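Spelled out, the chains give:
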Amino acid sequence: MATITTGVVLLRWQLLSAVLMFLASTLNIQFRKSDAIGLAVISSALGVASACWFATGLLGITLVDISTIWSNIESVMVEVMSHTPPEWPMVLV
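Just so we're clear, the structure is a prediction, and the values are computed from it rather than from any experiment.

**Digging into the overall build of the protein chain**
Along its length, the protein chain carries four helices and zero strands. Moving toward the C terminus, one meets the helices and strands of the protein chain in the order α-α-α-α. A total of 93 residues make up the protein chain; the buried ones form 10% of that total.

**Focus on the layout of surface pockets**
Take a probe with the size of a water molecule and roll it over the atoms, and the empty space left behind shows itself. There is about 150 Å³ of room inside the largest pocket. What lines the largest pocket is Leu20, Leu23, Ala24, Leu27, Phe31, Leu39, Ile42, Ser43, Leu46 and Ser50. Among the secondary structure elements, those contributing two or more residues to the lining of the largest pocket are helix H2 (12-33) and helix H3 (37-59). Considered class by class, the residues forming the lining of the largest pocket number eight nonpolar, two polar and no charged.

**Quick notes on a nonpolar patch on the surface**
A contiguous nonpolar patch, built from Trp13, Leu16, Val19, Leu20, Phe22, Leu23 and Trp53 and spanning about 680 Å² of accessible area, is present on the exposed surface. If you tally residues by element for the nonpolar patch, the top one is H2, at six residues. Relative to the helices and strands, Val19 is located in helix H2. For Val19, a relative accessible area of 46% puts it in the partly exposed group.

**Structural notes on H2**
Each α-helix turn comprises 3.6 residues. Residues three or four places apart therefore point the same way. A rise of 1.5 Å per residue sets the reference length of H2, with its 22 residues, at 32 Å; its end C-alpha atoms lie 32 Å apart and thus fit the reference within 8%. Of the positions making up H2, those classed as buried are Gln14, Ser17, Ala24 and Asn28. The arc that holds the buried residues of H2, viewed along the axis, is 75°, so those residues lie on one side. In H2, the exposed residues that point more than 90 degrees away from the buried face are Phe22 and Lys33.

**A word on the confidence of the model for the protein chain**
For the protein chain, the mean per-residue pLDDT works out to 83, and 88% of the residues sit at or above 70. The lowest-confidence element of the protein chain is helix H1 (residues 2-10), averaging 67 in pLDDT; the highest-confidence one is helix H4 (residues 63-82), averaging 91.

**So, the side chain of Ser43**
Within the fold, Ser43 resides in helix H3. Residue Ser43 is classed as buried on the basis of its relative accessible area of 4%.

**Examining the packing of H2 against H3**
Between two packed helices, what matters for the description is the angle formed by their axes and the separation of those axes. Taken N-terminus to C-terminus, the directions of H2 and H3 make an angle of 160°; their axes are 8 Å apart at the nearest point. It follows that H2 is roughly antiparallel to H3 by the angle criterion. Here the hand of the crossing between H2 and H3 comes out left-handed. Two secondary-structure elements touch here, H2 through Trp13, Gln14, Leu16, Ser17, Ala18, Leu20, Met21, Ala24, Leu27, Asn28, Phe31 and Arg32 and H3 through Leu39, Ala40, Ser43, Ser44, Leu46, Gly47, Ser50, Ala51, Trp53, Phe54, Gly57 and Leu58. Split into classes, the residues belonging to the contact of H2 with H3 amount to 15 nonpolar, eight polar and one charged.

Here is what the cut-offs are and how they apply
- Residues numbered from 1 in each chain as written.
- Predicted model: local features only at pLDDT ≥ 70, side-chain atom pairs only at ≥ 80, totals over all residues.
- Heavy atoms only, no water.
- Helix = DSSP H or I, 4+ residues; strand = E, 2+ residues; numbered from the N terminus.
- Buried < 20%, exposed > 50% of the residue type's maximum accessible area, 1.4 Å probe, protein only.
- 1 Å grid on protein atoms, 1.4 Å probe; cavity = no way out; pocket = protein on both sides within 12 Å on 5 of 7 lines; lining within 4 Å.
- Points joined across faces, edges and corners; volume = space filled by probe spheres on them.
- Nonpolar A, V, L, I, M, F, W, Y, C, P; charged D, E, K, R; others polar.
- Patch = residues over 30% accessible without salt bridge, like charges linked within 9 Å, V, L, I, M, F, W, Y side chains within 5 Å.
- Areas by Shrake-Rupley, 256 points an atom, 1.4 Å probe, with all protein chains shown as cover.
- Salt bridge = Lys/Arg side-chain N within 4 Å of Asp/Glu carboxyl O.
- Expected span 1.5 Å × (residues − 1).
- Arc of directions from axis to C-beta.
- pLDDT = per-residue confidence, 0-100.
- Axes fitted to C-alpha atoms, helices over the stretch in contact; angles between N-to-C directions.
- Parallel < 35°, antiparallel > 145°, perpendicular 65-115°, else oblique.
- Left-handed = near helix turned anticlockwise from the far one by under 90°.
- Contact = heavy atoms within 4.5 Å.

Given below as structure tokens:
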């Protein structure tokens, strides 16, 4: 019994996000059957967000890691753009 309790305590956020994915999927099906397209889109977005939360939780990725990755991407993009020639074709819309 202690093993099950420890597992539930350690995986509480993953279990919560899995339940949220299930509820979002169920709601999406019900909303699509009743032609509530807006609510179906909202429930789909909630399902995708909880799936991302589930995946990042299992991989051990935190918001600090995401911030670090984003700042690295930003610095690499600035560095790459600083090496482009001045006559590089630009599309202005």
